[in-house]
Amino acid sequence: MHPAPSIIMFSTLSGLGFGLLTMLGLGFPEVSGWVAFIFFAIGFALAGGGLISATFHLGHPERALKSFTQWRSSWLSREAWAAAAAMAVMGLYAALIIFTDTRIAILGWIGAALSLLTVFTTSMIYTQLKTVPRWNHWSPPVLFMAYAIVGGLLMAGQVTVAVPLLVALGVLQVVAWVDQDRKENASDTTLATATGLGTIGTVKAFESPHTGGNYLTHEMAFRVARKHAQTLKIISVILAVVVPVILLLLPFHHLLALLAVVSHFAGVAAQRWLFFAEAKHVVSLYYGR
Amino acid sequence: MTSLPTHTEKSLGLVIDLDTCVGCHACVTACKGWNTENYGAPLADVDAYGAEPVGSFLNRIHSYEVQPDTGGPAQLFHFPKSCLHCADAPCVTVCPTGASYKRVEDGIVLVNESDCIGCGLCAWACPYGAREMDPSEKVMKKCTLCVDRIYNENLPEEDRQPACVRTCPAGARHFGDLSDPESDVSKLVAERGGFDLMPEQGTAPVNKYLPPRPKDEVPEFDVLAPYLEPVAEEPQGFLGWLDKTLERIG
């Protein structure tokens, strides 16, 4: 799948943003006044910035409000609802804390649940697609939520919990990669079933419909980076897990904590890039790719 | 609503004969022509005469080479591919705006272009590559089964079928109601063993493909052979002299 920068930015930024909002909603840490303002501002900037970035991917962003209509059947529509609800509830919760110094705990819990639900709905947009075996797997919902929770703890300064969970996240990610490879290799959709000509013999793509590319080959038969996948996986784990853990284990300093967050962010972005670049859509079979 | 109908009154679709298709791309041209000049956003071409031309098409012809398991030379098949108007169309349910829908009256899967936000998720959900985002209009384009031809009473009756079917010079494309077992297309599918593409994807496509007929078996020998004079094994005349001479030298 083509790794569109707008979608990668969206899933990275909003994942971390909603993760931070989740922690703030649960009261980790319990903040007030200016400190609360800054924490919430970062959370909303990341989550909202991600959502705005996602609209750059649309052909007709001016019609984006129509995407609230099909929540009964569409995960993308559910994501729109969950994101709007999470922002609204967390906005109210944050405003009460910042301006009136009143913490309504239950409002925070609801906001935290909606924030995590938003990340879950994002992941389901990918997981529901049978056409991409690597996504049609248990790992996107589990990993998207795990990255949000761990990234949220990291940004909320919950160092003692964040360190062991970062390590667990690294292990979970490696297990997911291995199992995704297995799932993709075991896919029962092949050029033989795609053309139905497998009953005669071995099918090979002889000629494409045209000499140039098209929307399908640009969007779904992306294959530039697969050869660098292994290197990128290692870089992604080092940046997202190893570097932050080392920095957090050193004597605490705000600059080190900031570096840990930046490194984690870069690692997650690399992971999301791979999430798209490695995913193979079954339509690429028709094009002999 | 982008929920799929539980039942459609008809299942209009195409039957494509892989035995007959000659790969001329006439259906591609007819489709692009009709659907550019009529219903919906035109099918754009960008950089048509430049280095990287790209455009939207609703129908494309691939070619596949098959090496038979039983031995013998490889066979070549031309393979037209367009929307299969699936009964369980995954492109419909993923749509966040309701722009993508399947009609109850005839089972045609359509896009309401004024509701399409151009997110591209329906194209991701389709295993067949039947949907393409128009590079100029930025809305999703797909085969409409020429919905503006098949019911069009301003056209002569023989033209009330999809442009690709009407134009095919080889008779490789057939149009009809596949939910009616008595229709010509259903009979054709039953007789020739029509099959689904990617049945394991669970999309229940309406369009069917007819498999290539088995190749004729040419007998190894001629039935008249025993009555013919045996062919001289040894070269005669000048060639015979040359053969002997060369053998002596060699």
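Structure first, text after, so check above.
Described below are features of the structure shown in this document. (Residues numbered from 1 in each chain as written. Chains lettered and ligands numbered in written order. Predicted model: local features only at pLDDT ≥ 70, side-chain atom pairs only at ≥ 80, totals over all residues. Heavy atoms only, no water.)

Concerning the overall build of chain A
For clarity, the cut-off: Each helix corresponds to a stretch of at least 4 residues labelled H or I by DSSP, and each strand to a stretch of at least 2 residues labelled E; elements are numbered beginning at the N terminus. Here a residue-residue contact requires only that any non-hydrogen atoms of the pair lie within 4.5 Å. Here the accessible surface of atoms and residues is derived via Shrake-Rupley with a 1.4 Å probe, and residues count as covered only by protein chains that are part of the display. Positive charge is attributed to Lys and Arg, negative charge to Asp and Glu, and no charge count is given to His or to the chain ends. By convention, the charge on Lys lies at NZ, on Arg at CZ, on Asp at CG and on Glu at CD.
In terms of regular secondary structure, chain A is built from ten helices and one strand. Each helix and strand of chain A, placed in order from N terminus to C terminus, yields the pattern α-α-α-α-α-α-α-β-α-α-α. Seen through its C-alpha atoms, chain A measures out along the principal axes to roughly 75 × 45 × 30 Å. Of the contacts formed within chain A by residues at least 6 apart in sequence, a portion of 76% connects residues at least 24 apart. Looking at chain A as shown, the accessible area adds up to about 12,400 Å², and 73% of this sits on carbon and sulfur atoms. Counting 17 positive and 11 negative side-chain charges, chain A places the centres of these two groups 6 Å from one another.

A look at the packing of aromatic side chains
Two measures describe an aromatic ring pair: the distance that separates the ring centres and the angle between the ring planes. What counts, and what does not: Here is the rule: rings of Phe, Tyr and Trp (six-membered ring for Trp) pair when centre to centre is within 6.5 Å. Planes less than 30 degrees apart are stacked, more than 60 are edge-to-face, and the remainder are tilted. Each residue is placed in one exposure class: buried if its accessible area under a 1.4 Å probe, protein chains only, is under 20% of its type's maximum, exposed if it is over 50%, and partly exposed if it falls in between.
Counted under the stated rule, the structure contains 21 aromatic pairs over all chains. Measuring from ring centre to ring centre gives 5.3 Å for A:Tyr126 and A:Phe275, while their planes differ by 85°; the resulting arrangement is edge-to-face. You can see A:Tyr126 sitting in helix H4 (residues 105-127) and its partner A:Phe275 sitting in helix H10 (residues 254-277), a full 149 residues away along the chain. Note on accessibility: A:Tyr126 and A:Phe275 belong to one class, buried. Ring plane angle 35° and centroid distance 6.2 Å describe the contact between A:Tyr286 and B:Phe79, whose orientation is recorded as tilted. In this pair, A:Tyr286 is assigned in the segment after H10 and B:Phe79 in strand S5 (residues 75-82), connecting two distinct chains. Judged by relative accessible area, which is 1%, A:Tyr286 ranks as buried. Using a relative accessible area of 0% as the deciding quantity, one classes B:Phe79 as buried.

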